[in-house]
Amino acid sequence: MQFLYRQEDDLIFMDMTTYEQLQMHITTTDGKEGFLKDGQECRVLLYKGNPLDIDIPLSLVLTVIEPSPAPRVTL
């Protein structure tokens with residue numbers, strides 16, 4: 001599936017073969033939602049049509065937007 005966007009506490013995915021959209025609450029992902037980018041492909045584990053979990057890719061390319069300040073070293 002392809003991750004489309006986040007809408008409040010829900011994640012919206014699209015099945016890339018049928019174009020059906022699926023909604024998943026963020027608590028289902030156990031913190032993995034922080035690593036999703038719009039348009040990213042991932043596996044969604046379903047049970048009887050209900051999403052249970054997601055598998056994100058093993059490697060991701062992330063961008064540092066704002067680094068934390070470096071600690072001061074006194075010699």
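Counting starts from 1 at the beginning of each chain's written sequence and moves along it residue by residue. Restriction of local features to residues with pLDDT of at least 70 applies here, the model being predicted, together with a cutoff of 80 or more for giving and counting side-chain atom pairs; totals for whole chains, interfaces and linings are based on all residues. The basis for every side-chain value is the complete set of non-hydrogen atoms in the structure, without hydrogens or water.

A regular strand carries its side chains on alternate faces of the sheet. Strand pairing is defined by DSSP finding a minimum of two bridges between the two strands. Secondary structure elements are defined from DSSP: runs of H or I of at least 4 residues count as helices, runs of E of at least 2 residues count as strands, and each element is numbered from the N terminus. Where strand E4 (residues 43-47) meets strand E5 (residues 50-55), five bridges bridge the pair, whose relative direction is antiparallel. Note that in E5 the partner of Val-44 across the bridge is Ile-54. The loop that links E4 with its antiparallel partner E5 comprises two residues; one of these, Lys-48, has a positive phi angle of about 55°.

A word on the environment of Leu-46. Residue position: Leu-46 is located in strand E4. In this scheme, a residue with accessible area under 20% of its type's maximum is buried, one over 50% is exposed, and one in between is partly exposed, where area comes from a 1.4 Å probe on protein chains only. In this structure Leu-46 comes out as partly exposed when scored by relative accessible area, which is 40%. Discounting residues that sit within four places of it in the chain, Leu-46 has contacts with Leu-22 and Pro-51. Note on contacts: a residue pair qualifies if any of its non-hydrogen atoms lie within 4.5 Å across the two residues.

Let us look at the pattern of salt bridges. Any carboxyl oxygen of Asp or Glu that lies within 4 Å of a side-chain nitrogen of Lys or Arg is treated as forming a salt bridge with it. By the definition in use, this model includes two salt bridges. As a salt-bridge pair, Arg-6 and Asp-9 come within 3.9 Å of each other at their nearest N and O atoms. Using a relative accessible area of 45% as the deciding quantity, one classes Arg-6 as partly exposed. Exposure remark for Asp-9: the relative accessible area of 40% places this residue in the partly exposed category. A salt bridge links Asp-53 to Lys-32; the nearest nitrogen and oxygen atoms lie 3.1 Å apart.

Let us now look at the sheet that holds strand E3 (residues 21-25). Pairing is antiparallel across the open sheet formed by three strands, whose spatial order is E1-E2-E3. Looking along the sheet, the strands with just one partner apiece sit at the ends: strand E1 (2-7) and E3. Across the sheet, the mean angle from the axis of one strand to that of its neighbour is 25°, orientation sign disregarded. In this sheet, E3 lies alongside strand E2 (residues 10-14) in antiparallel orientation, the contact comprising five bridges. Pairing of Ile-12 across the sheet is with Gln-23, part of E3. Working convention: axes come from line fits to C-alpha atoms, limited for helices to the stretch in contact. Angles between N-to-C directions cover 0 to 180 degrees.

Taken by themselves, the reported measurements are silent on function.
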